[in-house]
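Survey of secondary and tertiary structure
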Amino acid sequence: MTPNVDQNEIAKFDAMAQRWWDPEGECKPLHEINPLRLGYIEQHTGSLNGQTVLDVGCGGGLLSEAMARRGATVTGIDLSREAVGVADLHALEAEVTVDYRVEDVEALLEQEAGRYDTVTCLEVLEHVPDPAATVAACARLLKPGGSLVVSTINRNAKSWLFAKVGAEYVLNLLPRGTHEWKRFIRPSEMDRHFRHAGIETRETTGLTYNPVTGQYRLGRDIDVNYFMHGIKPEADA
């Protein structure tokens, strides 16, 4: 099986890995939206306490650690060896238990299909060559009745202006070259990926940024960033 990975993308995250937990570094936006990400997941999947959760594309572990602190049994996977090393070290220092692995999501299927209550894949799908394949693998790793939560960036003129030009070249929220606009994913496309993977889309919510206040919020505007939540139907449904 050909790995569903772009080595240039992995190199980007390797290069920034040592600064992942710096709240004023390149990952500052992730630090600022992490409470919103965690809140969205809890709102749509219920209490994380006691859940088995897979965090696909965990990076340096911001979300994985947050979910583990809520009582979830978390596995975090990423193909950036540098980022996973940082995640492992931070969890050790913070005395938080997360099973971090340098592994591709498709590689988990042979041993762990149907294992997880919730699978998260946040800010990842716009970086892989075949997002549909990643969604399909995530779906197969879910238990019947389990939740898939993804977030990504819409593809339109507004997202090019705000998420690419604005975020990387004007406001300097992200390093230049972080994203390729052509890889952004329309909600209709994501919904189709869900359906083809056997996931029922339940809800879509936008994430917006106010450059005046410097605040992020969740809402109805899905023109740029958005979350999508879906359910894997019960086997006897």
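Attention here is on the structure that accompanies the text. Computed from a predicted model, the values in this text were never measured in an experiment.

1. A closer look at the nonpolar core
- Grouped together as the largest cluster of nonpolar side chains are 32 residues, with contacts concentrated most on Trp20, Ile41, Leu48, Met67, Val74 and Tyr100.
- Mapped by element, the contributors of at least two residues to this core are α2 (28-45), α3 (62-69) and α4 (81-94).
- Leave out the neighbours within four places in its chain, and Ile41 touches Gly46, Leu48, Leu63, Met67, Thr120, Leu122 and Val149.

2. Looking at the pairing of strand β5 (residues 142-153)
- Of all the 12 residues making up β5, nine are buried; the element is thus mostly covered by neighbouring parts of the structure.
- In this structure, strand β4 (residues 116-122) lies alongside β5, joined through six bridges in parallel fashion. Bridging from a neighbouring strand, Cys121 pairs with Val150 of β5.
- In this view, the connection linking β4 to its parallel neighbour β5 by way of helix α6 (residues 131-141) has right-handed handedness.
- Strand direction decides the pairing type here: β5 and strand β8 (residues 225-231), joined by seven bridges, are antiparallel. Following the sheet pairing, Ser151 is matched in β8 by Phe227.

3. Considerations on the side chain of Thr52
- Mapped onto the elements, Thr52 comes out in strand β1 (residues 52-56).
- Among the residues examined, Thr52 registers a relative accessible area of 18% and is labelled buried.

4. Considering unusual backbone geometry
- Even without a glycine there, the phi angle at Glu95 is positive, about 60°.
- Secondary-structure assignment places Glu95 in the loop between α4 and β3 (99-102).
- Even without a glycine there, the phi angle at Glu123 is positive, about 55°.
- With respect to the secondary-structure elements, Glu123 resides in the loop between β4 and α6.

What counts and what doesn't
Residues numbered from 1 in each chain as written. Predicted model: local features only at pLDDT ≥ 70, side-chain atom pairs only at ≥ 80, totals over all residues. Heavy atoms only, no water. Core = buried A, V, L, I, M, F, W, Y, C linked by side-chain atoms within 4.5 Å. Buried < 20%, exposed > 50% of the residue type's maximum accessible area, 1.4 Å probe, protein only. Helix = DSSP H or I, 4+ residues; strand = E, 2+ residues; numbered from the N terminus. Contact = heavy atoms within 4.5 Å. Pairing = 2+ DSSP bridges. Right-handed = clockwise from strand over helix to strand, strands pointing away.

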